[in-house]
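Commentary on secondary and tertiary structure
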Amino acid sequence: MRLLIVDDERPARARLRHLLAPQPGVTAIEEAADGIEALEKVATFRPDALLLDIEMPELSGIDVAASLPDPAPPIVFVTAYEGYALRAFDADAIDYLLKPYDGVRLGRALERLRRRLAAPPAAAAPGVPGVPHAPAPAPPGQLLVNERGGTRIVRVADVQWIETADNYVALHTAAGSPLLRQTLAGLLDRLGPGFVRCHRRAAVQLSWIERMVTLDKGDGELLLRGGARVPCSRQYRADVLARL
């Protein structure tokens with residue numbers, strides 16, 4: 001297993017790494033000192049699972065869990081506080097390690113991780129009775145945008161439309177247009193059916209559309225409730241109309 005340790009306290013990370021050393025099946029360990037670094041390491045290190053602290057500055061472990069890409073790696077929360085247990089298991093945690101713990105207790109949590117990782121995915125077989133469908137992951141309720149000096153939390157409901165900007169996408173809201181390092185196609189996969197692509201470089205949230213205006217050569221514009229005018233090329237016009 002490739003494991004990512006996330007804790008803002010260096011001694012806690014060192015102790016957990018030490019306890020993991022004799023555990024069977026652990027092939028690689030990486031560390032993150034806060035929630036922002038954790039999300040970056042998830043993208044680059046690609047861990048099989050996270051050992052995640054909860055109380056951290058700026059971005060808590062619960063926030064990190066809510067912001068993981070789909071499919072999200074399983075999580076074992078490691079914390080000194082009992083009061084987060086319900087929220088942790090609401091986040092589909094595999095286990096909840098309460099500090100201080102020992103190697104035996106950690107070993108039980110790792111065994112649960114191994115069983116989860118070894119379990120086959122739910123089969124999707126339309127029309128076949130008795131075969132479960134894998135549930136579609138729920139779209140995120142917020143997006144985390146790294147900015148100089150901190151992290152901005154953008155509510156997905158506030159995003160009127162999205163526009164590509166080099167290696168970023170601009171999230172157009174009434175309060176501004178923060179830049180998120182993400183491809184447009186990748187972000188739309190995360191956001192689900194509430195958004196529709198309307199141009200090679202743009203997508204719009206359906207609930208914000210007020211009117212479609214037809215222009216020359218089959219192209220058009222979408223007029224949004226907030227007053228924005230978003231291009232709608234003829235390539236995507238039929239799909240937008242079908243989704244409205």
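How each quantity is defined
Residues numbered from 1 in each chain as written. Predicted model: local features only at pLDDT ≥ 70, side-chain atom pairs only at ≥ 80, totals over all residues. Heavy atoms only, no water. Axes fitted to C-alpha atoms, helices over the stretch in contact; angles between N-to-C directions. Helix = DSSP H or I, 4+ residues; strand = E, 2+ residues; numbered from the N terminus. Parallel < 35°, antiparallel > 145°, perpendicular 65-115°, else oblique. Contact = heavy atoms within 4.5 Å. Nonpolar A, V, L, I, M, F, W, Y, C, P; charged D, E, K, R; others polar. Buried < 20%, exposed > 50% of the residue type's maximum accessible area, 1.4 Å probe, protein only. Pairing = 2+ DSSP bridges. Right-handed = clockwise from strand over helix to strand, strands pointing away. Core = buried A, V, L, I, M, F, W, Y, C linked by side-chain atoms within 4.5 Å.

**Comments concerning the packing of helix 1 (residues 10-20) against helix 5 (residues 103-118)**
- Two elements in contact, helix 1 and helix 5, have axes whose closest approach is 10 Å; the angle formed by their N-to-C orientations is 75 degrees. Between helix 1 and helix 5, the angle is such that the two are roughly perpendicular. Contact residues: helix 1 offers L16, L19 and L20, while helix 5 offers G103, L106 and L110.
- Here the residues of the contact of helix 1 with helix 5 sort into five nonpolar, one polar and no charged.

**Some words on the pairing of strand 3 (residues 49-52)**
- Residues A49 and L51 of strand 3 are buried on one face, and the alternating residues L50 and L52, pointing to the opposite face, are buried as well.
- Pairing of strand 1 (residues 2-6) with strand 3, which is carried by four bridges, proceeds in the parallel orientation. Within strand 3, the residue paired with V6 across the bridge is L52.
- Assessed by its sense of winding, the connection that carries the chain from strand 3 through helix 3 (residues 61-67) to strand 4 (residues 75-79) is right-handed.

**Looking at the nonpolar core**
- Among the nonpolar cores identified, the biggest contains 23 residues, and L4, V6, L50, L52, V64, I75 and F77 are the most heavily contacted of them.
- Within the residue set of this core, elements represented by two or more residues are strand 1, strand 2 (28-32), helix 2 (35-45), strand 3, helix 3 and strand 4.
- Counting residues per element, this core draws most heavily on helix 2, at four residues.
- Excluding anything up to four places from it in sequence, L52 contacts V6, G61, V64, A65, I75, V76, F77 and V78.
- Within the second largest apolar cluster, 18 residues are counted, among which are L19, V26, V78 and I94.

**So, the sheet that holds strand 10 (residues 179-180)**
- Read from one edge of the open sheet, five strands run 10-9-8-12-11, paired in antiparallel fashion. Lying at the two open borders of the sheet, with one neighbouring strand each, are strand 10 and strand 11 (195-199).
- Across five bridges, the pairing between strand 8 (residues 161-165) and strand 9 (residues 168-172) is antiparallel. Following the sheet pairing, A165 is matched in strand 9 by Y168.
- Its contacts with the sheet put helix 6 (residues 184-191) on strand 8, strand 9, strand 10, strand 11 and strand 12 (202-205), and the angle it makes with strand 11 is roughly 155 degrees.

Fair warning: the whole summary comes from geometry, so function is off the table for now.
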